[in-house]
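Structural overview
In case you want the letters, here they are:
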Amino acid sequence: MDPGFSVDEIAPIAILMDELRSEDVQLRLNAIHRVSTIALALGPDRARDELIPFLQDSIDDEDEVLLALAEELGRNFEEYIGGPEYAHLLLGPLENLSAVEETLVRDKAAESITKVAAVMSQPQIEQYYIPLLQRLSKGEWFTSRTSACALYAAVYDRVSPPIQDELRRGYAQLGSDDTPMVRRAASRWLGSLIKKFAKQHVLSDGLSIYRKLQSDDQDSVRLLTVEDLIAIVQALSPPEIKEQLLKQIRQTVSDKSWRVRYMVGQHFNELAEAVGQELVREELVGHYVQLLKDNEAEVRSAAATQIPGFSKLLEKEIILARIVPCVRDLCQDNSQHVRAALANQISGLAPLLGRDATIEHLLPLFLHLLKDEFPEVRLNIISKLEQVNTVIGIDLLSESLLPAIIELAEDKSWRVRQAIIEYIPLLATQLGKSFFDEQLGNLCMSWLGDNVFSIREAATVNLKKLTEVFGVEWAKVQIVPKVVGMGQHPNYLLRMTTVQAISTIAPSLTLDIVSGDILDTLLQLAQDPIPNIRFNVAKSLEVLALTFGTTAEATLMQMSVTLLRRHYRKPMLWRPELELEIMVCLIEDAFIAVRFSVGTAFLPSCTFGLRVCMVRTIYQSLRISL
């Protein structure tokens, strides 16, 4: 043992070393997660002198451990070794991790290296980071060269111009590497590096690297150059784009690989916004139509997601002449995924076309998609009808689409029915009470008896929203009697829905309505033979107690006396003992959860002495049950 250190001083690093050498992977992983704590215990000096060299020399064979180490070293670990002036010491272990075979470990190590670089000074970067970057870029194994591609952009604008020249030359070599994986990484990170280039270097160096990668024989490399193209276009003026990149744009859009065309379709709006209005009209409209008519369904789906965004860059006449015919064809597409993508975006054209053109060209397409056999298509078109409503008005929308909406209310897909339910409050706001009661009132109540619980639950929430839209008096006439009537239904699911509906809509009602038929119904259901219904009655009573508990205690208790009087069908005057009697009647239920929930609901409203009795009753009842 070194006489300069005590046992307590040596213990942390010794424990770490022992655990990292353990055969148990989980033990090694736990040790790595505690490495910052160990560094704190060692202190900055010993962490630099002992811990960092140990981590650099000990490369685990388990990828999970290596991934954890790469992540830990990127979490402000320089604070444990003396601050940013010593941050370069972390580059050693991270350099080793950047060359391992597992991609996740390399990516995390590269990410941590860029985080460390962010706290390093320019002298540190030029003295320590640049040599590391050069070693990785010239590494014998492709893994190190792949990691190097991610490290250029982080420091390019923080070094001197001569070093910047070296970095551009080094990246150009990676872009011409013999290994496809390295070229793929170069293509992936080129866009972020080009954003750091001065304009003259974009034209002199960035374009040459991009053109080399864009013409690569591997489509996995070419597809990543789409984002590089956008980065270059954003750095150039429209005349420079037309002169330097028009050929590459045409080649990319017409690439022989559908994967490349798919990437173009996904990023087409970004490209269009960057090239300028003139090139959009002259070139990109034709290319976009080409993508909408592509042979591959995946490409057509990707292009369909860009319809509203790209159309914003066009005049109304061009949209009607070039885009709408393609949209009409996509409505009849053989692929359900293409139709679903279109249904999710087509409503975005309505504000661009205006009322008359929407009615003439888009409304028939909406109706067609609403009747599509694929549920997702119907769901997507329903969820975006609000945009159409703002353009053509609710009158025409309800006249045209209401029959289809009513038909979809009984759709075999419960997700479609749920989407219709969520759209009803908006529709109710626009339709008004009388029209709603006539056309949709019975439909809303029928959802309470749906076979799917999510639909019944959504239906109760829908009733609450409708109450907020039309008012309490409307709910008293149109909702409460029908909900209360379901409490007598022989099907226990409908009786359960009654209780849940009461719990949901009660906060939106007044005390007078609740103390009327609703409490009476809850009392009857409290004697239901189904334990789950009694349990939910107790939960509903808790909601009522919390909602109306701010009223006078005598009022709440009088509600309970009225409830008890109706239950026993005999006159009864208010006495304090009745408060306990009411609760005991509900507590002495055979279902243990009901006892607990009712106690929770009514205990806050009791006097102190009765709360003591209540707790004693619950305790005795629980003890008997258990």
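The rules behind each value
Residues numbered from 1 in each chain as written. Predicted model: local features only at pLDDT ≥ 70, side-chain atom pairs only at ≥ 80, totals over all residues. Heavy atoms only, no water. Helix = DSSP H or I, 4+ residues; strand = E, 2+ residues; numbered from the N terminus. Buried < 20%, exposed > 50% of the residue type's maximum accessible area, 1.4 Å probe, protein only. Contact = heavy atoms within 4.5 Å. Areas by Shrake-Rupley, 256 points an atom, 1.4 Å probe, with all protein chains shown as cover. Patch = residues over 30% accessible without salt bridge, like charges linked within 9 Å, V, L, I, M, F, W, Y side chains within 5 Å. Salt bridge = Lys/Arg side-chain N within 4 Å of Asp/Glu carboxyl O. Lys, Arg positive; Asp, Glu negative; His and termini not counted. Charge placed at Lys NZ, Arg CZ, Asp CG, Glu CD. Axes fitted to C-alpha atoms, helices over the stretch in contact; angles between N-to-C directions. Parallel < 35°, antiparallel > 145°, perpendicular 65-115°, else oblique. Left-handed = near helix turned anticlockwise from the far one by under 90°. Nonpolar A, V, L, I, M, F, W, Y, C, P; charged D, E, K, R; others polar. Arc of directions from axis to C-beta. pLDDT = per-residue confidence, 0-100. Phe/Tyr/Trp six-rings, centres within 6.5 Å; stacked < 30°, edge-to-face > 60°. Lys NZ or Arg CZ within 6 Å of the ring centre and 35° of its normal. Core = buried A, V, L, I, M, F, W, Y, C linked by side-chain atoms within 4.5 Å.

Counting its regular elements, the protein contains 41 helices and zero strands. Evaluated residue by residue, the protein yields a buried proportion of 52% over its 626 residues. For the protein, contacts bridging at least 24 residues in sequence account for 68% of all contacts bridging at least 6. Here the protein has roughly 28,700 Å² of accessible surface; of this, 51% comes from carbon and sulfur atoms.

Within the fold, Thr-143 resides in helix α9 (residues 142-149). Those residues in contact with Thr-143, other than ones at most four positions away along the chain, are Ser-98, Ala-99, Val-100, Glu-101 and Arg-106.

This next bit is on a negative patch on the surface. Taken together, the side chains of Glu-62, Asp-63, Glu-64 and Glu-101 define an acidic patch exposed on the protein surface. Among the secondary structure elements, Asp-63 is positioned in helix α5 (residues 63-73). On the accessibility criterion, Asp-63 (36% relative accessible area) is partly exposed.

Our focus in this paragraph is helix α21 (residues 297-304). When you tally the buried positions in α21, you get six out of eight residues, the bulk of the element. For α21, the full list of buried residues reads Val-299, Arg-300, Ser-301, Ala-302, Ala-303 and Ala-304. The secondary structure elements touched by the buried residues of α21 are α18 (258-266), α20 (277-292), α22 (307-311), α23 (316-331) and α24 (336-345).

Viewed as axis vectors pointing N to C, helix α12 (residues 180-194) and helix α15 (residues 225-235) meet at an angle of 15 degrees, and their least axial separation amounts to 8 Å. Comparing their axes, α15 and α12 come out roughly parallel. Where α12 crosses over α15, the handedness of that crossing is left-handed. Along its contact with α12, which presents Ser-187, Arg-188, Leu-190, Gly-191 and Ile-194, the element α15 presents Thr-225, Asp-228, Ala-231 and Ile-232. A breakdown of the residues in the contact of α12 with α15 according to their chemical character gives four nonpolar, three polar and two charged.

We now examine the environment of Leu-89. Within the secondary structure layout, Leu-89 lies in the loop between α5 and α6 (91-97). In contact with Leu-89, not counting residues within four places along its chain, are Arg-48, Ile-52 and Ile-81.

On to helix α3 (residues 35-42), then. For α3, the set of buried residues is Val-35, Ser-36, Ile-38, Ala-39 and Leu-42. Buried residues of α3, viewed axially, fall in a sector of 160 degrees; they line one side. Along α3, exposed side chains directed more than 90 degrees from the buried face belong to Thr-37, Leu-40 and Ala-41.

Time to look at the packing of helix α11 (residues 161-175) against α12. Look at α11 against α12: their axes get within 8 Å of each other, and the N-to-C directions meet at 140 degrees. Classified by the angle their axes make, α11 and α12 are oblique. Residue-level contacts link Tyr-171, Leu-174 and Gly-175 of α11 to Val-182, Arg-183, Ala-185, Ala-186, Trp-189, Leu-190 and Leu-193 of α12.

In total, this model carries 25 salt bridges according to the counting rule given. Across the pair Arg-46 and Glu-50 runs a salt bridge, and its minimum N-O distance is 2.8 Å. Taken together, the residues Arg-46 and Glu-50, both in helix α4 (residues 44-57) and four residues apart, mark about one turn of the helix. For Glu-50, a relative accessible area of 24% gives the class partly exposed. With a shortest N-O distance of 2.7 Å, Arg-495 and Asp-528 are connected by a salt bridge. Highlighted residues: Arg-495 in helix α35 (residues 492-505) and Asp-528 in the loop between α36 (511-526) and α37 (531-548), separated in sequence by 33 residues. By the burial criterion, Arg-495 is buried, and Asp-528 matches it.

This brings us to the confidence of the model for the protein. Summing up the model confidence of the protein, the mean pLDDT is 80 and the portion of residues at 70 or higher is 84%. Low pLDDT (under 50) marks residues 1-9, which in the prediction has eight contacts with non-local residues, meaning those over four places away or in another chain. Predicted confidence for residues 552-626 stays below pLDDT 50, and this span has 98 contacts to residues more than four positions away or in other chains.

What the rule picks out here adds up to nine aromatic pairs. Note on Phe-77 and Tyr-80: the rings are 5.5 Å apart at their centroids and 55 degrees apart in plane angle, and the pair reads as tilted. By relative accessible area, which is 0% here, Phe-77 ends up buried. Arranged with centres 5.3 Å apart and planes meeting at 75 degrees, the rings of Phe-268 and Phe-310 form a pair that is edge-to-face. With a gap of 42 residues between them, Phe-268 in helix α19 (residues 268-275) and Phe-310 in helix α22 connect regions that are remote in the sequence. Assigned by exposure class, Phe-268 and Phe-310 land together as buried. Aromatic rings pair up to connect Phe-268, Tyr-288 and Phe-310 into one cluster. Above the plane of the ring of Tyr-86 lies Arg-48, whose end atom (NZ or CZ) is 3.9 Å from the centre.

With that settled, the discussion passes to unusual backbone geometry. One non-glycine residue, Asn-76, lies in positive phi territory at about 50 degrees. Among the secondary structure elements, Asn-76 is positioned in the loop between α5 and α6. Taking the relative accessible area as the measure of exposure, Asn-76 reaches 43% and is therefore partly exposed.

Turning our eyes to something else, we now look at the nonpolar core. Generally speaking, soluble globular proteins have nonpolar side chains that are buried together. Counting residues in hydrophobic clusters, the biggest one holds 188 residues, and the most contacted among them are Tyr-129, Ile-307, Phe-310, Ile-346 and Trp-447. Among the elements that take part in this core, helix α25 (residues 350-370) stands out by supplying nine residues, more than any other. Residue contacts for Ile-346: discarding those within four places in its chain leaves Val-327, Cys-331, Leu-362, Leu-365, Phe-366, Leu-369 and Ile-381.

One can find Glu-386 in helix α27 (residues 385-392). Taking the C-alpha atoms as reference points, Glu-386 and Leu-426, separated by 40 residues in sequence, lie 8.1 Å from one another. The contact partners of Glu-386, leaving out residues within four places of it in the chain, are Tyr-423 and Leu-426.

What follows concerns the environment of Ala-341. Residue position: Ala-341 is located in helix α24. When its relative accessible area of 14% is taken as the criterion, Ala-341 is described as buried. The spatial distance from the C-alpha of Ala-341 to the C-alpha of Ala-303 is 9.0 Å, given a sequence separation of 38 residues.

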